[in-house]
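Overview (structure and organization)
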Amino acid sequence: MRIATWNVNSIRARLDRVTAFLARHDIDVLAIQETKCRDDQFPHLPFEAAGYEVAHVGLNQWNGVAIVSRVGISEVEVGFEGMPGWGDPVNAEARAISAVCDGVRVVSVYVPNGRSLEDPHMAYKLDWLSRLRDHAATRLDVSPDEQVVLMGDWNVAPQDEDVWSMAFYENRTHVSEPERAAFRAVVDAGFSDVVRPHTPGPGVYTYWDYTQLRFPKAQGMRIDFALGSPALAARVTGAFIDREERKGKGASDHAPVIIDLA
DNA sequence: ATGGTTGTCCTACAA
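All residue numbers refer to positions counted from 1 along the written sequence of the respective chain. Chain labels run from A onward and ligand labels from 1 onward, assigned in the order the entries are written. Only residues with pLDDT of at least 70 get local features here, since the model is predicted, and only at 80 or more are side-chain atom pairs given and counted; chain-wide, interface and lining totals rely on the full set of residues. Where side-chain values are given, they derive from all heavy atoms of the structure, hydrogens and water being excluded.

Some details on unusual backbone geometry
Cis rather than trans, the peptide bond between Asp88 and Pro89 has omega equal to 5 degrees. By the element assignment, Pro89 lies in the loop between β5 (74-78) and β6 (96-101). With an omega of 0 degrees, the peptide bond between Gly201 and Pro202 qualifies as cis. Going along the chain from the N terminus, every DSSP run of H or I of four or more residues is numbered as a helix, and every run of E of two or more is numbered as a strand. Note that Pro202 resides in the loop between β9 (192-193) and β10 (224-228). Of note, Arg115 is a non-glycine position whose phi angle comes to about 65 degrees, a positive value. Relative to the elements of secondary structure, Arg115 occurs in the loop between β7 (104-110) and α3 (120-142). With a phi angle near 60 degrees, Ala218 is a residue other than glycine that sits in the positive phi range. The topology assignment puts Ala218 in the loop between β9 and β10.

Considering helix α1 (residues 15-24)
We call a residue buried when its accessible area falls under 20% of the maximum for its residue type, exposed when it is over 50%, and partly exposed in between, using a 1.4 Å probe and counting protein chains only. Along α1, the positions that sit buried rather than exposed are Leu15, Arg17, Val18, Phe21 and Leu22. Buried residues of α1 fall within an arc of 165 degrees about the axis and therefore sit on the same side. Residues Asp16 and Ala23 are exposed on α1 and point more than 90 degrees away from its buried face. A contact between two residues is defined here by any heavy atoms of the two lying within 4.5 Å. Along its buried surface, α1 packs onto β1 (2-7), β2 (29-33), α2 (44-49) and β12 (257-261). Directly beyond the C-terminal end of α1, a positive phi value near 55 degrees is found at Asp26. When we speak of the arc, we mean the arc of directions from the helix axis to the C-beta atoms.

Looking at the pattern of salt bridges
Salt bridge criterion: a side-chain nitrogen from Lys or Arg within 4 Å of a carboxyl oxygen from Asp or Glu. Applying the stated rule across the entire model yields 23 salt bridges. Asp260 is paired through a salt bridge with Arg2; the nearest N and O atoms lie 2.7 Å apart. Pair noted here: Asp260 is in strand β12 and Arg2 is in strand β1, with a separation of 258 residues, a long-range link. Judged by its relative accessible area of 19%, Asp260 is buried. The residue Arg70 makes a salt bridge to Asp26 at a minimum N-O spacing of 2.8 Å. Of the two residues, Arg70 sits in the loop between β4 (65-69) and β5 while Asp26 sits in the loop between α1 and β2, which places them 44 residues apart along the sequence. Residue classification places Asp26 among the partly exposed residues on the basis of a relative accessible area of 47%. Through salt bridges with shared partners, a single network forms among Glu75, Glu77, Arg105, Arg139 and Glu146.

Some points on the UniProt feature "site: Important for catalytic activity" (unreviewed entry) in chain A
UniProt positions are given in the numbering used here, feature names are shortened, and annotations may be inferred rather than shown by experiment. In the UniProt entry, the feature "site: Important for catalytic activity" (unreviewed entry) is given for Asp224. The topology assignment puts Asp224 in strand β10. Here a polar contact means two N or O atoms within 3.5 Å. Within protein one must be a hydrogen donor candidate and the other an acceptor candidate, and residues neighboring in sequence count only if both atoms are side-chain atoms. Separated by 2.6 Å, the side chains of Asp224 and Thr206 make a polar contact.

Some details on the sheet that holds β6
Two strands qualify as a pair provided that DSSP identifies no fewer than 2 bridges between them. The strand order across the open sheet formed by six strands is β5-β6-β7-β8-β10-β9, and the pairing between neighbours is mixed. Across the chains shown, the open sheet's two edge strands, defined by having one partner strand only, are β5 and β9. Sheet topology places β6 next to β7; six bridges connect them, and they run antiparallel. The residue bridging Ile97 from the neighbouring strand is Ser108, located in β7. The axes used here are C-alpha line fits, helices contributing only the stretch in contact, and every angle between their N-to-C directions lies in the interval 0 to 180 degrees. Sheet strands touched by α3: β5, β6, β7 and β8 (148-153). Its angle to β7, the strand with the most contacts, is close to 175 degrees.

Here's the deal with the sheet that holds β4
If you walk across this open sheet you meet the six strands as β3-β4-β2-β1-β12-β11, and the pairing is mixed. The two strands at the open ends of the sheet, each matched to only one other strand, are β3 (53-57) and β11 (236-241). The average undirected angle you get between the axes of adjacent strands in this sheet is 15 degrees. Pairing between β1 and β2: five bridges, direction parallel. Residue pairing in the sheet places Thr5 in a bridge with Ala31 of β2. Each of β1, β2 and β12 is contacted by α1, which is oriented at about 160 degrees to β1, the strand it contacts most.

This is the structure:
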């Protein structure tokens, strides 16, 4: 089985690219982030025509996450127990959705950006990650043999080699110790990075800013990850990042990350 | 050319 994750930066703007990607790589399940649409705006028909079922949550023009699967999709959960909210008044955002696809619980996550180290959004980001860890750890405690993959845009570069320049990121988000500790806590709860062993760095990235010619200059960040429970990790036979999808007209600023399961 | 982005509820804001 082949599972992928991709921050598409608008599913409507990226529709042709996404459906072509599914076909080109023979993808069974795709976790999508930043659909940037409400449920009623999601383009269900093109996916159904290609043989995929869709689970999506989108509340407005921001965020929005989905799972599309051609191997079944059941036990859909929007958000997760204890997921923090944002805004005034505080409301849940469309940043997590999960479903069981052919025996694997796929969780599509779009971790809050943080905006700046001092911004209230950073505290939200850290709380969100902490609550995700707690939820995932609890689930794993109850069902240690469950196949779970937490995949998506984590908005954290866990290691120095995951950014093109640590000097550039000094006093910026994504590389701060609290963010890295929050990411590490999820790993320490039993969810290992199943992609890095197959795509060693340095210089391996999943995101390149649209501005400043970051992609042609190879100035990116590795911030999109698939973290697997022990039972899931044991099935992983390979993984790759499709840099080709960052090229050309109409590209997302993120590249898809693909994993293969035995 | 001292800049050079993209998406959305599009001229503001998020990333």
